[in-house]
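An overview of the molecular structure
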Amino acid sequence: MTTIIDVAKQAQVSKSTVSRVISGNGYVSQESRKKVLDAMEALAYSPNLIARNLQSGETKTIGFLAHGFFDPLGVFLQSFISIAKTYNYYVTLYFTDGDKKKEIDALNQMKYKQLDGIFILTRANKWEVIEPYSIYGPIATWHRIDSDRIYSSYVDHYSGYLRSLNYLFQRGYRSIGHVLGNSENLNTKARLRAIDDFHKDKQIPIKKEWIFHDNNRIDNGRNIAQTWHEMANKTDAMAFYTDSVAAGFISELQTLGYTIPDDVAVIGFDNSEISRLMHITTVDYSIKHQAENSFIYIHNQLNDQTISEREISVKLIERTTIPLKQ
């Protein structure tokens, strides 16, 4: 097996010069670099990355965990990979399908020094199971979590959702349906507080049949559309916790012969690609900056640096699924 010593002899340079060429760290003259690269090619030498990682104690790779594909994933992952590349890090994507064991397997890769850090977009295990792994490397998430061991890039879903409801109210809507995420999530609980405060402030009664919980995103927009279609007392507006479910709702209603927004107004949340394609009024809460801040935290922890985080803002994006009601 060809070694770094063989390359040094072939190139007639020192072992440390070869090491600097391979690692990219430190000064090497153009002449010496060419000699080393020519020698590596002549000897068919390939650096032993595993040995280098064990020696340096880092892999320059971050694990990115998600159950599977859903609409915001593309924007979040693209932004995360982009900033990671800027700082010379790789990103490995793990689809766990919501399987707790698969998630633990990925976390164990950090434990066994095959990953430097972990970002969790959607989790399978409870936080008390995940938190102990933070001793092996930094863990970040966009879930809302109050923890001194896991970084959260969450935004305030209370104010963002309340803004959606006030926007609907200002345009004359009074019977508003709510499609929320998993009832155990802190973001969902924040939205429920916003709903309660909104109805108290506007003195509008809350009807339980107008509140839906979506636990898996799969076909739930369509299922909710079917339920809405069968309701005797329909809402005149629907507020969704994510654009992808709102899109499914709109698509199914159009199949059933309804017109959006004439029959029901719709507002989403994410400002994802599907909301742009389907012209859905939505709330933009800086997914790209959430992704960047998550990586910045991991990078700072690994490198003992204090790179500043991006400023997070929340803004409403007006499109055609909510008109000014007459």
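Up top you'll find the structure we're talking about.
What counts as what
Residues numbered from 1 in each chain as written. Predicted model: local features only at pLDDT ≥ 70, side-chain atom pairs only at ≥ 80, totals over all residues. Heavy atoms only, no water. Salt bridge = Lys/Arg side-chain N within 4 Å of Asp/Glu carboxyl O. Helix = DSSP H or I, 4+ residues; strand = E, 2+ residues; numbered from the N terminus. Buried < 20%, exposed > 50% of the residue type's maximum accessible area, 1.4 Å probe, protein only. Pairing = 2+ DSSP bridges. Contact = heavy atoms within 4.5 Å. Axes fitted to C-alpha atoms, helices over the stretch in contact; angles between N-to-C directions.

**Let's talk about the pattern of salt bridges**
Applying the stated criterion to the full structure yields 10 salt bridges. A salt bridge links Lys101 to Asp105; the nearest nitrogen and oxygen atoms lie 3.3 Å apart. Placement of both Lys101 and Asp105 in helix α6 (residues 100-111) is noted, with a separation of four residues, approximately one turn of the helix. Exposure remark for Asp105: the relative accessible area of 37% places this residue in the partly exposed category. The shortest N-O distance in the salt bridge between Lys202 and Asp201 comes to 3.4 Å. Take Lys202: its relative accessible area is 26%, and that puts it in the partly exposed class. The class of Asp201 is exposed, set by a relative accessible area of 55%.

**Concerning the sheet that holds strand β4 (residues 139-141)**
Taken together, the five strands give an open sheet; going across it, the order is β2-β1-β3-β4-β5, and neighbouring strands pair in parallel fashion. The sheet is open, and its two edges are formed by β2 (90-95) and β5 (151-152), each paired on a single side. The pairing of strand β1 (residues 61-66) with strand β3 (residues 117-120) spans four bridges and is classified as parallel. Looking at β3, one finds that Phe64 is bridged to Phe119. Relative to β3, α6 is tilted by about 150°, and along the sheet it contacts β1, β2, β3 and β4. Each of β1, β3, β4 and β5 is contacted by helix α13 (residues 287-303), which is oriented at about 170° to β4, the strand it contacts most.

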